[in-house]
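Here is what each chain is made of, one letter per residue.
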Amino acid sequence: MAGADGDDSLYPIAVLIDELRNEDVQLRLNSIKKLSTIALALGVERTRTELLPFLTDTIYDEDEVLLALAEQLGNFTMLVGGPEYVHCLLPPLESLATVEETVVRDKAVESLRKISQEHSPVDLEVHFEPLVKRLASGDWFTSRTSACGLFSVCYPRVSSTVKAEIRHTSDYDTPMVRRAAASKLGEFAKVLELDYVKSDIISLFTALASDEQDSVRLLAVEACVSIATLLPQEDLETLVMPTLRQAAEDKSWRVRYMVADKFSELQKAVGPEITKNDLVPAFQNLLKDCEAEVRAAAANKVKEFCENLPEDNREQIIMTHILPCVKELVSDTNQHVKSALASVIMGLSTILGKDNTIEHLLPLFLAQLKDECPEVRLNIISNLDCVNEVIGIRQLSQSLLPAIVELAEDAKWRVRLAIIEYMPLLAGQLGVEFFDEKLNALCMAWLIDHVYAIREAATCNLMKLVEKFGAEWAQNTIVPKVLGMANDPNYLHRMTTLFCINALSEACGQEITTKQMLPVVLKMSNDQVANVRFNVAKSLQKIGPVLDSNALQTEVKPVLEKLASDADMDVKYFAQEAISVLALA
């Protein structure tokens, strides 16, 4: 028996080996995904002595199999016996960290970073740090790029001798390695002692920021944020600013784009004084950049940049330096730039206050509301509430509402559709009285639009409005108009009545549904058009759960039974379905 047990316990590894050697990639992938189950079956000792060596020897496979393996090994600590044995996972992960495919290497590095935390300081120096050193001095760039992601996790936990070795373990001879170094430089700087940041990191940062490859220079911009945060104010001017100025005017638009994208973070890192002297002119230039991508990235940051300006002269800086650039961007030739600006420009009203908003910003909002690009118009509409807070509803309605009404009646149905989707938001911002006065009629008109998508969206819009304003409001303003459409000569409009009732019944509640809506639905069961009749059956099924059981039995059931023997097949089908769903049989 003991022998048989032994054979049994070998079974999982045998299956795994068979599947891992199978020609079918999917089978190999499946078995890798089951690794933890297999490791559990084998127990910790055999996982260490058999499974891991086997896996280390078979690292020549399809990338997706290797990717799955790299991910699995990051969660293997307990399966090899806990932190005491975690170093056993290093050999397979070291091999994976050197393969050609970037995503596999990245995943292996991610797993190595994870398990580095589970090493004791002694194991870290004995097992982990030598692995990092081997990767850093490897023959191929693949291993050296992986090493860049590991320096920061072992540096804080090793002795000062080993720290010195780590600081000087670097060979940046290929663009790929320099790219990896630039992307991890900020992270490494954060774990370094300040003196070494100044002596070692700054020189490397300056070199990477002047690299011949723009893909390296743009990653150095990201490191710039971390490094600037670490240095005392007096060192920024000499150690960081020359590099940052150079990056903001780089000949490659991708580097300038990165500066624009990180602008708010850079602004916080360098502080108010440098912002005033250096970053304001740099930001102006980015807003006027010759590349649309750069202008769009800078436009996106306008509100944040203005918010973070020093309060004592914020308004003066915005009015003198930033607003003129913003005015130009409103009529930019590129729609992405205009759209980026439209998504943040409304936020300036809270910073600049009522008078400036009315005088300087409202004309810009109006121009954007009339822009031919729908996204620009939508970005303005969706942020109206911040302007409403500053200048009040009266001013807003005089200035911007006519433009919104114009869009709501636009000849292009997609523009109308977009406005409908923003109606509940607008209603919430403007309040019920204002909405009834100015926009209610529009919402009702959409219900009889000639485009089905508009009618459908208008129905959904009504439901959201009822949720916002309540059942009583619905009963007084919406329901009578909806029910009035039941007598419309156009059968499509009669069907819209049914769709509205379906949407509104739950929001309006039992009483309104039973007393006002149900009689209309029942009456429509005699409609001449089969499409209307089968939609009556569907409506009754939909509103049934809202009704009380008495109404279901005495009013709904007879009508559905009549429809179930209708001459039209579809009417019959939907009536029978409603009967069974509502359990009226």
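Every value quoted in this text rests on a predicted model; they were computed, and no experiment measured them. (Residues numbered from 1 in each chain as written. Predicted model: local features only at pLDDT ≥ 70, side-chain atom pairs only at ≥ 80, totals over all residues. Heavy atoms only, no water.)

Colleague: Can you break down the packing of aromatic side chains residue by residue, with the values?
Modeller: According to the stated counting rule, one finds seven aromatic pairs in the structure shown. Between Phe-263 and Phe-283, the ring centres sit 5.0 Å apart and the planes meet at 40°, which makes this aromatic pair tilted. Here Phe-283 lies in helix H19 (residues 272–287) and Phe-263 lies in helix H18 (residues 263–270), a separation of 20 residues in the sequence. According to the relative accessible area criterion, Phe-283 is buried, its value standing at 0%. In this structure an aromatic cluster arises from ring pairing among Phe-263, Phe-283 and Phe-305. (Phe/Tyr/Trp six-rings, centres within 6.5 Å; stacked < 30°, edge-to-face > 60°. Helix = DSSP H or I, 4+ residues; strand = E, 2+ residues; numbered from the N terminus. Buried < 20%, exposed > 50% of the residue type's maximum accessible area, 1.4 Å probe, protein only.)

Colleague: Can you explain empty space enclosed by the protein? Please cite residues and give values.
Modeller: Think of a ball as big as a water molecule: rolled over the atoms, this probe shows where empty space is left. Within this structure, the stated rule accounts for two cavities of 30 Å³ or more. Its volume calculated, the largest cavity comes out at about 70 Å³. Sorting the residues of the lining of the largest cavity by element identifies helix H13 (194–209), helix H14 (214–230) and helix H16 (241–248) as the ones contributing at least two each. Its residues assigned to classes, the lining of the largest cavity comprises eight nonpolar, two polar and two charged. (1 Å grid on protein atoms, 1.4 Å probe; cavity = no way out; pocket = protein on both sides within 12 Å on 5 of 7 lines; lining within 4 Å. Points joined across faces, edges and corners; volume = space filled by probe spheres on them. Nonpolar A, V, L, I, M, F, W, Y, C, P; charged D, E, K, R; others polar.)

Colleague: Quick rundown of the packing of helix H32 (residues 452–469) against helix H34 (residues 491–508)? Include the residues and the values.
Modeller: Here H32 crosses H34 at 25°, and the two axes come no closer than 9 Å. Relative to H34, the element H32 is oriented roughly parallel. Relative to H34, the crossing made by H32 is right-handed. For the pair formed by H32 and H34, the contact residues are Tyr-452, Arg-455, Thr-459, Leu-462, Met-463, Val-466 and Glu-467 on the first element and Leu-492, Thr-496, Phe-499, Cys-500, Ala-503, Leu-504, Ala-507 and Cys-508 on the second. Each residue belonging to the contact of H32 with H34 can be placed in one class, and the counts come to 11 nonpolar, two polar and two charged. (Axes fitted to C-alpha atoms, helices over the stretch in contact; angles between N-to-C directions. Parallel < 35°, antiparallel > 145°, perpendicular 65-115°, else oblique. Left-handed = near helix turned anticlockwise from the far one by under 90°. Contact = heavy atoms within 4.5 Å.)

Colleague: Outline the pattern of salt bridges, supporting the account with residue identities and numerical values.
Modeller: When charged atoms on two side chains of opposite charge get close, those side chains can pair. Taken as a whole, this structure holds nine salt bridges when the rule is applied. In this structure, the salt-bridge partner of Glu-304 is Lys-301, at a minimum N-O distance of 4.0 Å. Under the relative-accessibility criterion, Glu-304 is labelled partly exposed at 32%. The class of Lys-301 is buried, set by a relative accessible area of 15%. The salt bridge partner of Lys-515 is Glu-511, with a shortest N-O separation of 3.3 Å. Highlighted residues: Lys-515 and Glu-511, both in helix H35 (residues 510–523), separated by four residues, approximately one helical turn. Taking relative accessible area as the criterion, Lys-515 reaches 60% and is therefore assigned exposed. (Salt bridge = Lys/Arg side-chain N within 4 Å of Asp/Glu carboxyl O.)

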